[in-house]
Amino acid sequence: MRRVEIFDTTLRDGEQTPGVSLTVEEKVEIAKALERLNVDVIEAGFPISSQGEFEAVKRISEEVSGPVIAALARAVEKDIDRAAEALKNAERKRIHTFIATSPVHMKYKLRKDPEEVKRLAVKAVEYAADKADEVEFSAEDATRSDWDFLVEVYEAVIDAGASVINVPDTVGYTTPEEFYELISYLRKNIPGIKDVKVSVHCHNDLGLAVANSLSAIRAGADQVEVTVNGIGERAGNAALEEVVAALFTRKDVYKAFNEVNLSEIARTSRLVSHLTGIEVPPNKAVVGANAFAHESGIHQDGVLKERTTYEILDPKLLGFSGSRIVLGKHSGRHAFRKKLEELGYELSGEEFERAFERFKEIADRKKSITDLDLEAIIQEELGSSVNPYRVELVHVTASKGIATATVKIIDGGERVEAVWSHNGPVDALFEAINRAMGVNAKLLEYRVSSVGSGKDALGEVLVRVEVDGRISVGRGLSTDIIEASAQAYLNALAR
Ligand code: KIV
Ligand code: ZN
């Protein structure tokens, strides 16, 4: 069995998913979840690209220990300097530098010839080498590059000090058979390759990202770059949970292991979905709501007699707990704390008190509080800690196509209020909030879903709004969806 390293790029390539924009706090929260998941490397961001990205990489470097922290940089000195600065306080730091090597990228995007590209790659790696513990080099669009040119470039960057060479399928173009050949070719033809790690980074444009990554592992790749729930640029990246589940289930084929903590998969997937606003499709492998649901009578009968008749993976191993009813309105702090510990949350004193108060408020209106409810409450509380706005009153009446919303909001120490009428209750509510807050926010997306099932299920609302050209996501949670909508809107405005 060989060890394969798991390089998570949810916070970098995953954050490039259209419509996703995470705050620094949220990125730190995801990085802590990745630490619990025990990935080997966390790519925390692309520091030169914005002040927010820089701050996130810096905070993660300071607050997360265990995994190597990586930061992305183009093959230019100013990017590498910024990455090094952001990583300064990381326990173990990696600079990940890249330049494109395919004919189409070199000619049209870079307007440089292959010799110049190779020279810049070497210069960047040499420059980064004494600024981090490890340097990773990526030949962007490797799968559409000339194989002999790739051999030349990778050999040159290994000589310059790269300790990881990454082979990205940037546009999701390759196939499992071809990628196997490419990785084998590189391993055979680059003399220095035995001294470095070979990494792969697959995109999902043809739905082959996971298959290509696994094929590369069979060909000897030492590291796979993945994202939680497979989010990422365009059709996304290889999904962490699918690669890990395949390596676990088919050890006989891949003969490779990794140290990911399987029992954290369910929770990490829910957290990423919650904070990015990207829902996991129900039929998604490993983490979709239907991944372990059995509809046909024959299947149900089989699973009841022997789980493995129709399940190749035990959902409990992945952290999908079987427990349903756990806490209710009579539960006290002690039981609440115990349950949080069981779910793996460590809340500070103030966070704990806020979450407990919110739990009591909801438990007063809802008969039973499930693990899913609790997770939603905690994530909502952690996410709203930056929100200075509080709903004091929200009242909506609707009749014959006209709705009127009254809102009172506490903004810092001040109360602001407005009344607005429109043809739908949600339209009226959001416009009343705009008026009260003096903003002109545009609603781009509005989604309501229930957390768990049952008549008294919590309603979770997601809104995506645009204010002055900036897009942000907010969530709200309540047994009353109008109240949840107001909270979600204010959370989005606060961000
Ligand atoms: O897809 C890609 O080529 C990348 C590189 C920066 C590794 O994300
Ligand atoms: Zn990518």
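Conventions and cut-offs
Residues numbered from 1 in each chain as written. Chains lettered and ligands numbered in written order. Predicted model: local features only at pLDDT ≥ 70, side-chain atom pairs only at ≥ 80, totals over all residues. Heavy atoms only, no water. Donors = N, O, S within 2.8 Å, 3.2 Å for Na, K, Ca; no water. Helix = DSSP H or I, 4+ residues; strand = E, 2+ residues; numbered from the N terminus. Buried < 20%, exposed > 50% of the residue type's maximum accessible area, 1.4 Å probe, protein only. Near = heavy atom within 4 Å. Polar contact = N/O pair within 3.5 Å; in protein donor to acceptor, adjacent residues only side chain to side chain. Areas by Shrake-Rupley, 256 points an atom, 1.4 Å probe, with all protein chains shown as cover. Salt bridge = Lys/Arg side-chain N within 4 Å of Asp/Glu carboxyl O. Domains from an automatic or database assignment. Contact = heavy atoms within 4.5 Å. Buried area = accessible area lost by both parts, 1.4 Å probe.

1. Remarks on the coordination of the zinc ion (ligand 2)
Ligation of the zinc ion (ligand 2) by protein atoms is provided by Asp13 (OD), His201 (NE2) and His203 (NE2), these donors lying 2.0 to 2.1 Å from the ion. Read N to C, the donor residues that coordinate the zinc ion (ligand 2) are spaced as D-x187-H-x1-H. A residue pair is termed long-range when its members are at least 10 positions apart, and aspartate 13 in the loop between strand E2 (5-8) and helix H1 (24-37) and histidine 203 in the loop between strand E8 (197-202) and helix H8 (209-218) qualify at 190 residues. Histidine 203 matches aspartate 13 in its accessibility class, with the two residues each being buried.

2. A short note on the site of ligand 1
Close to ligand 1 lie Arg12, Asp13, His96, Phe98, Ser138, Glu140, Asn166, Pro168, Thr170, His201 and His203, which account for all nearby residues. Separating an oxygen atom of ligand 1 from a side-chain N or O atom of threonine 170 is a distance of 2.6 Å. With the chains in place, 94% of the 260 Å² that ligand 1 exposes on its own is no longer accessible. Listed by contribution, the elements that provide at least two residues to the shell around ligand 1 are strand E5 (93-100), strand E6 (134-140) and strand E7 (164-169).

3. A few points about the pattern of salt bridges
Summed over the entire model, instances satisfying the criterion amount to 42 salt bridges. Across the pair glutamate 264 and arginine 267 runs a salt bridge, and its minimum N-O distance is 3.1 Å. No difference in accessibility class separates glutamate 264 from arginine 267, as the two residues are buried. Arginine 415 is paired through a salt bridge with glutamate 392; the nearest N and O atoms lie 2.6 Å apart. One end of the pair, arginine 415, is in strand E15 (residues 414-422); the other, glutamate 392, is in strand E13 (residues 389-399), with 23 residues separating them in the sequence. You can call arginine 415 partly exposed: its relative accessible area is 46%. By sharing partners, the salt bridges in this structure join Arg3, Glu5, Asp40, Lys197 and Glu259 into a single network.

4. Examining the domain arrangement of the chain
Looking at the chain, the domain boundaries give domain 1 (2-276), domain 2 (293-379) and domain 3 (389-494). The straight-line distance from the C-alpha centre of domain 2 to that of domain 3 is 28 Å. Taken residue by residue, the interface counts 10 residues in domain 2 and 12 residues in domain 3. Here domain 2 and domain 3 share an interface that buries about 840 Å² over both sides, 54% of which is from carbon and sulfur atoms. The largest share of the area that domain 2 buries against domain 3 comes from Arg358, Arg365 and Lys366, three residues that together contribute 52% of it. Between domain 2 and domain 3 we count 3 residue pairs in polar contact (both at pLDDT 80 or more) in total. Counting residues per element, the ones that place at least two in the side of domain 2 that touches domain 3 are helix H14 (349-365) and helix H15 (371-383). The element best represented in the side of domain 2 that touches domain 3 is H15, accounting for 4 residues.

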